[in-house]
Amino acid sequence: MDLILLGPPGAGKGTQAKMLTEHFGIPQVATGDILRGAVQAGSALGLKAKGFMDAGLLVPDEVVIGIVRERLLQEDCRAGFILDGFPRTVAQADALQSNLAELGRRLDRVVSLTVDADALVERLTGRRTCRSCGRGFHLTFDPPMVAGRCDACGGELYQRDDDREETIRKRLTVYAQQTAPLIDYYRSAKLLVELDGMQAIPVVQEQVLSALQAG
Ligand code: ADP
Ligand code: AMP
């Protein structure tokens, strides 16, 4: 099961990816998480990526393409993977296709989540993430049981630096210009399943699962 979750920032890709990893026992490969980890660790990759991320811009293609190529070679991706936040440009999508072809694999499905711009801003401003396990919450739509603490591991919840309103607007523009063309790209490849991401989390979850089980 080699999958992509496609959609603008805040569409619910990470939320659904976490459910799918449990359901199918395959890893979530989230380039944003990998890059934030590198920034946190202060590695050369992190130093290169930080300025782009803080500005709401995409990290250069060659950097993220390299990260994903390495990641997909790891043992835990053998039975499948859920790409979340990659690809974000046509160049990344082309590179993914050729990397998979070299491995004798190809994508099974691209699930695209559609959400209105106003709802995206509301979701991103209210998003909180666990520092320890990475689980996502929302102050209104998916609040933690104890304020500021993760339900799963008790870790501290934080607000991402790029989830502030000016950066969010920039990220949405970048999505429209550089990533939205992938919807037609994967539609033409007959891999696309478009779902209404405006519905409640469990409803979207059911629809994602039934789209994937539809064969
Ligand atoms: P993405 O990974 O696409 O950027 P997330 O999965 O992190 O998006 O979701 C963004 C925010 O919106 C999170 O705070 C999450 O709890 C919330 N969220 C996700 N899906 C829904 C939904 N269907 N309805 C309402 N809020 C949602
Ligand atoms: P995300 O966690 O998916 O919202 O990504 C956060 C930030 O990481 C983005 O705004 C980009 O700066 C960077 N990023 C994540 N994935 C990619 C990608 N596939 N291509 C380029 N930049 C990326």
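For the structure itself, look to the data block above.
Residues numbered from 1 in each chain as written. Chains lettered and ligands numbered in written order. Predicted model: local features only at pLDDT ≥ 70, side-chain atom pairs only at ≥ 80, totals over all residues. Heavy atoms only, no water.

1. Examining the sheet that holds strand β6 (residues 136-138)
- Taken together, the three strands give an open sheet; going across it, the order is β6-β5-β7, and neighbouring strands pair in antiparallel fashion. Pairing within the sheet leaves two strands with one partner each, and these edge strands are β6 and β7 (157-158).
- Of the pairings in the sheet, the one linking strand β5 (residues 127-130) to β6 comprises three bridges and is antiparallel in character. The partner of R128 across the bridge, within β6, is F137. (Pairing = 2+ DSSP bridges. Helix = DSSP H or I, 4+ residues; strand = E, 2+ residues; numbered from the N terminus.)

2. Considering the pattern of salt bridges
- A full pass over the atoms with the stated rule returns 14 salt bridges.
- Measuring nitrogen to oxygen at the nearest pair gives 2.7 Å for the salt bridge that ties D76 to R71.
- R71 gets classed as buried once you look at its relative accessible area, which sits at 16%.
- The residue E165 makes a salt bridge to R169 at a minimum N-O spacing of 3.0 Å. Taken together, the positions of E165 and R169, both in helix α7 (residues 165-179) and four residues apart, correspond to about one turn of that helix. (Salt bridge = Lys/Arg side-chain N within 4 Å of Asp/Glu carboxyl O. Buried < 20%, exposed > 50% of the residue type's maximum accessible area, 1.4 Å probe, protein only.)

3. Concerning the sheet that holds strand β3 (residues 81-84)
- Taken together, five strands build an open sheet; the order of strands is β2-β3-β1-β4-β8 and the sheet is parallel. The open sheet is flanked by β2 (28-30) and β8 (192-196), the only strands paired with a single partner. Pairs of neighbouring strands in the sheet enclose a mean axial angle of 20°, with direction left out of account.
- With three bridges joining them, β2 and β3 adopt parallel strand pairing. For A30, the partnering residue across the bridge sits in β3 and is D84.
- Most of the contacts of helix α8 (residues 181-188) go to β8, to which it runs at about 130°, and overall it touches β1 (2-6), β4 (109-114) and β8. (Axes fitted to C-alpha atoms, helices over the stretch in contact; angles between N-to-C directions. Contact = heavy atoms within 4.5 Å.)

4. What to know about the packing of helix α2 (residues 31-41) against helix α4 (residues 61-72)
- Packing of α2 against α4 brings their axes to within 11 Å, and their N-to-C directions diverge by 105°. Judged on the interaxial angle alone, α4 and α2 are roughly perpendicular. Of the residues in α4, those touching α2 at T31, I34 and L35 are V64, I67, V68 and R71.
- In terms of residue class, the contact of α2 with α4 is built from five nonpolar, one polar and one charged. (Parallel < 35°, antiparallel > 145°, perpendicular 65-115°, else oblique. Nonpolar A, V, L, I, M, F, W, Y, C, P; charged D, E, K, R; others polar.)

5. What to know about the environment of F86
- Mapped onto the secondary structure, F86 falls in the loop between β3 and α5 (90-102).
- On the accessibility criterion, F86 (2% relative accessible area) is buried.
- Separated by 11 residues in the primary sequence, F86 and Q97 place their C-alpha atoms 12 Å from one another.
- The contacts of F86, once residues within four sequence positions are left out, are I4, T31, V64, I65, V68, Q92 and L96.

6. Section: α2
- Within α2, burial applies to T31, G32, L35 and A38. Each buried residue of α2 lies within a common arc of 125° when the element is viewed along its axis, so the set occupies one face. Residues of α2 that are exposed and point more than 90 degrees away from the buried face comprise Q40 and A41.
- Where α2 is buried, its residues touch β2, α3 (44-54), α4 and β3.
- Count one or two residues on from α2 and you reach G42, which has phi positive near 70°. (Arc of directions from axis to C-beta.)

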